[in-house]
Every structure is written in C-alpha cells, then in structure tokens.
Amino acid sequence: MSTATSASTATAEHTARQGYDRDVRVAVLGVGMMGQDHARRLARLTKGAELVAVSDVDVARTDAVAAEFGVRAIHDPSLAITDGEVDALVIATPGFTHEDLVLTALRAGKPVLCEKPLTTSPESSRRVVEAEAALGRRLVQVGFMRRFDAGYLQLRELIASGEYGKPLFLHCAHRNATTPPNFSSEMLMLDSVVHEVDIVRFLTGEEITAIRVLAPRSTSSAPEGLLDPQFVVMETESGTIVDVEIFVNTTFGYEVRTELVAERGQVRIGLPEGAVSQSASGWGGRIPRDFKERFGAAYDLEFQRWVDAVRAGVNVDGPGVWDGYAAAAVCAAGVESLKTGDRVEIDLGARV
Ligand SMILES: NC(=O)c1ccc[n+]([C@@H]2O[C@H](COP(=O)([O-])OP(=O)(O)OC[C@H]3O[C@@H](n4cnc5c(N)ncnc54)[C@H](O)[C@@H]3O)[C@@H](O)[C@H]2O)c1
C-alpha cells in the first residue's frame with residue numbers, strides 16, 4: 001500500500017483546536033525499534049486512538065509494518081504529516097530529523113508526540129520553542145516517559161509535600177547491559193543521561209544550572225574508545241546536588257534507580273521488585289532486560305494521557321517544548337564538560 005493523500009490541513013487544524021468526539025487518527029513516523037513498539041501500543045492498547053498510517057524512509061520497512069497492523073503505508077513522511085486523514089503524529093525517527101518533522105507538524109497545526117530528544121541541539125530546540133509560541137497554542141509533547149512512572153510520580157509528590165524537608169541530594173544510577181555499535185562517549189549523555197536531566201527537573205521543579213562530567217577508568221566490557229562509565233554532577237537552582245552514575249555496558253540487565261536524600265528523610269525508587277524466589281541455587285528475583293520492560297507501564301500511560309489530551313483539544317499532558325529545550329541545553333553543557341573536564345554553567349535565557 002502506498003498513498004499520498006493531499007491534505008485538508010485547514011480541517012485538521014480546526015479539529016485539533018477543539019478536540020475530537022471520535023477516535024484520534026494517528027500516524028507513526030519512523031517505525032524502527034521505538035516506532036514499532038508505539039504503533040503496537042496505539043493499535044492494541046491506547047483507548048480513543050486509531051493507528052491509521054505508518055511512514056518511514058525505509059520503504060520496505062514501512063510496507064511491512066503497515067501490513068502487520070493493517071494500516072496505510074505513506075512513504076513520504078512530510079505527506080503523512082499533512083494528510084487529511086491523519087489527526088496527530090508520533091515521531092519516532094532519529095533525533096537529527098526531529099526539528100524538520102516537528103516544524104512541519106506545527107505548520108500543519110497537528111498535535112505531536114515526539115520521542116526524545118526534541119532536537120539534537122539547544123539552538124534547534126529553541127527554534128521549535130519559538131515556532132510553537134508563535135502559533136499561540138501548545139501542540140508538541142516530548143517523549144520523556146519517566147514522568148509517567150509510578151515510582152517517580154510518588155517521589156515527586158513526596159518532594160512537593162515538603163514532608164521530608166528540602167531535597168539535598170539525588171543519587172541516580174542508570175545501568176544498561178550493552179550498547180549498540182557506534183555508540184559514542186557523548187551518547188551516554190545525549191541518549192541516556194538526558195532522561196535523568198528531565199526527571200530531575202520534573203522531581204525538583206527547578207532548572208539545572210551547572211553540570212560536570214567525570215570519566216573514570218573505563219570498563220573492559222566497553223568497546224575500545226568508549227568512555228563508560230561516566231559520573232555526572234548537576235546543580236539545581238536552589239542548590240540540590242544530583243549525581244548520576246551512567247554505566248551502559250554492565251553486561252547484564254537494565255537498572256534505573258534514584259535515591260532522594262532530604263532534610264528529614266530518604267527515599268529510594270527503582271529497586272528490584274516483583275517475585276523473590278528461593279531454590280537450591282539461592283534466592284533472588286528478575287532484573288529487567290531493557291527499558292521497554294522497566295518502563296513499559298510508563299509508556300502505556302504516557303500514550304493514554306497524550307491521546308486523552310488530544311481528544312480534549314489541549315494536545316499536551318506531559319513534558320513540552322521548553323522541557324525538550326532545557327534538556328538539550330543541559331546535555332550540550334554535559335558534552336562540553338566531558339571534553340574539557342570543566343564545570344559548565346547553563347543559561348537557558350528568558351522563558352518563552
Ligand atoms: N523514550 C525512550 O525511552 C526511548 C528509547 C529508545 C529510543 N528513543 C528515541 O526514539 C527515536 C527512535 O529511536 P529508535 O531506537 O527506534 O531508532 P531506529 O533506528 O530503530 O528507528 C528509526 C527509524 O526511523 C526511520 N527514519 C530515519 N529518518 C527518517 C525520516 N526522516 N522520516 C521517517 N523515518 C525516518 C529509520 O529508517 C528507522 O526505521 C529516537 O529519537 C530515540 O532517541 C526513545
């Protein structure tokens with residue numbers, strides 16, 4: 001199947017302003033690892049959504065995924081965006097394509113759930129922030145799914161309640177079994193720590209003002225030349241210190257945990273949970289294989305809340321373009337720090 005329906009964009013824009021009393025018709029752009037997972041979610045799980053099309057520059061992949069879900073294959077992603085039978089978009093293409101695709105969606109007046117990162121630089125993310133501000137309404141949600149994880153939500157509520165006093169430290173660990181080929185030392189920051197950057201902003205309600213990245217001895221399990229692990233220290237506006245151990249070639253399992261140390265109490269989230277077994281080989285439980293398992297429920301909730309928001313005409317219920325921009329700015333500073341060894345301050349400029 002291949003289609004290039006021209007758009008009745010004006011109609012789509014009109015409806016995106018008012019919401020929908022029917023299922024929202026969604027197209028997924030980029031159907032690699034994440035896009036296929038999101039297509040499955042939309043087709044089989046998310047209420048109030050109808051997966052109507054997929055689009056990928058890889059024509060064979062587009063056709064195969066479209067056939068799997070019984071939806072249209074649209075070979076040109078920009079035509080998928082303006083298609084009159086597509087109300088909203090999920091962007092799951094590589095980060096360097098996001099700016100163009102999101103700006104095209106903004107011009108078409110269509111809601112977007114864009115996988116992280118919003119874009120690959122603070123400058124390009126700022127352009128998206130300004131484009132959305134010029135429209136005068138919110139259309140873009142960024143795929144920082146940890147904000148929908150039950151543990152982080154509890155932790156945020158606890159911090160906001162003030163019950164344990166002010167947060168002093170957040171100790172975070174982000175561990176991954178292995179890295180794909182060509183994973184660079186900068187990608188530990190841009191691909192992985194970016195999630196900690198966003199969740200720290202979410203938990204504390206503050207911007208991150210400075211960052212320093214240390215690279216200790218690399219594990220012998222890392223590919224030649226990859227600086228893994230790294231240790232990141234961030235400072236928030238009011239003086240909370242955040243440290244992140246990022247270690248992406250542990251050789252087993254996936255683990256993301258956070259410990260809050262506040263004035264009158266400590267809380268840990270992300271510890272192993274579920275069944276604990278006992279047998280001749282000892283006792284213990286399962287370690288999640290990957291992020292899809294660890295954050296499966298968070299992705300599901302993220303999608304449900306986004307679709308509900310689109311149907312309600314508010315289009316965003318979660319991190320938006322400013323959050324994407326702030327994360328890009330902190331990560332760019334982190335990459336600079338990795339190169340120079342210096343503590344780098346972050347100035348986001350005036351909030352748009
Ligand atoms: N939220 C998370 O936890 C999480 C986890 C993994 C990946 N991601 C993000 O999801 C996005 C996709 O990652 P992935 O691992 O699925 O990548 P992937 O390489 O598996 O898939 C990307 C797909 O996009 C297609 N593509 C490339 N350029 C395109 C374009 N201009 N238009 C349409 N299709 C295009 C490719 O052909 C490929 O099929 C990235 O932004 C990544 O950072 C988020």
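Residues numbered from 1 in each chain as written. Predicted model: local features only at pLDDT ≥ 70, side-chain atom pairs only at ≥ 80, totals over all residues. Heavy atoms only, no water.

A. Region of interest: unusual backbone geometry. Here the bond from Lys 116 into Pro 117 is cis, since omega is -5°, no more than 30 degrees from zero. In this fold, Pro 117 is placed in the loop between strand S5 (112–115) and helix H6 (122–135). Across the junction of Asp 228 and Pro 229, the peptide omega takes the value 10°, indicating a cis bond. The phi dihedral of Asn 182 is positive, around 70°, even though this residue is not glycine. What makes Asn 182 exposed here is its relative accessible area of 75%. Within the chain, Asn 315 stands out as a residue other than glycine whose phi angle is a positive 70°. (Helix = DSSP H or I, 4+ residues; strand = E, 2+ residues; numbered from the N terminus. Buried < 20%, exposed > 50% of the residue type's maximum accessible area, 1.4 Å probe, protein only.)

B. View of the packing of aromatic side chains. Applying the stated criterion across every chain yields a total of 4 aromatic pairs. Relative to Phe 291, the ring of Tyr 254 has its centre 6.2 Å away and its plane inclined at 65°; by these criteria the two rings are edge-to-face. Here Tyr 254, found in the loop between strand S10 (241–247) and strand S11 (255–262), pairs with Phe 291, found in helix H9 (residues 291–294); they are 37 residues apart in sequence, far enough to count as distant. Judged by relative accessible area, which is 4%, Tyr 254 ranks as buried. With centroids separated by 6.4 Å and ring planes inclined at 70°, the aromatic side chains of Phe 303 and Trp 306 adopt a geometry described as edge-to-face. Note that Phe 303 and Trp 306 are positioned in helix H10 (residues 296–312) at a spacing of 3 residues, about one turn of the helix. (Phe/Tyr/Trp six-rings, centres within 6.5 Å; stacked < 30°, edge-to-face > 60°.)

C. Geometry of the nonpolar core. Ranked by size, the top nonpolar core spans 79 residues in total, and within it Ile 211, Val 232 and Met 234 carry the most contacts. It is helix H11 (residues 321–340) that contributes the most residues to this core, 11 residues altogether. Residues lining this core come from more than one domain, with at least three contributed by each of domain 1 (9–146 + 301–319) and domain 2 (150–290 + 326–345). Those residues within four positions of Ile 211 in sequence are excluded, and the remaining contacts are Met 189, Val 232, Val 233, Met 234, Val 330, Ala 333, Gly 334, Ser 337, Asp 342, Arg 343, Val 344 and Ile 346. (Core = buried A, V, L, I, M, F, W, Y, C linked by side-chain atoms within 4.5 Å. Domains from an automatic or database assignment. Contact = heavy atoms within 4.5 Å.)

D. Structural view of the domain arrangement of the protein. Domain assignment breaks the protein into domain 1 (9–146 + 301–319) and domain 2 (150–290 + 326–345). Centre-to-centre separation of domain 1 and domain 2, based on C-alpha positions: 28 Å. The partner domain 2 presents 14 residues to the 8 residues of domain 1 that form the contact. A buried area of about 1,000 Å², summed over both sides, lies between domain 1 and domain 2, and 65% of it is on carbon and sulfur atoms. Linking domain 1 with domain 2 are 2 salt bridges, by the criterion used here. Between Lys 116 and Asp 191 there is a salt bridge; the shortest N-O distance is 3.9 Å. At the junction of domain 1 and domain 2, the tally comes to 4 residue pairs in polar contact (both at pLDDT 80 or more). Looking at the side of domain 1 that touches domain 2 residue by residue, the class counts come to 3 nonpolar, 3 polar and 2 charged. (Buried area = accessible area lost by both parts, 1.4 Å probe. Salt bridge = Lys/Arg side-chain N within 4 Å of Asp/Glu carboxyl O. Polar contact = N/O pair within 3.5 Å; in protein donor to acceptor, adjacent residues only side chain to side chain. Nonpolar A, V, L, I, M, F, W, Y, C, P; charged D, E, K, R; others polar.)

E. Highlighting the site of the ligand. Neighbouring the ligand are 24 residues, the closest being Met 34, Asp 56, Arg 61, Lys 116 and Tyr 299. The contact in question runs from an oxygen atom of the ligand to an N or O atom on the side chain of Asp 56, over 2.6 Å. At 2.6 Å, a side-chain N or O of Arg 61 approaches an oxygen atom of the ligand. Looking at side-chain class alone, the shell around the ligand contains 11 nonpolar, 8 polar and 5 charged residues. (Near = heavy atom within 4 Å.)

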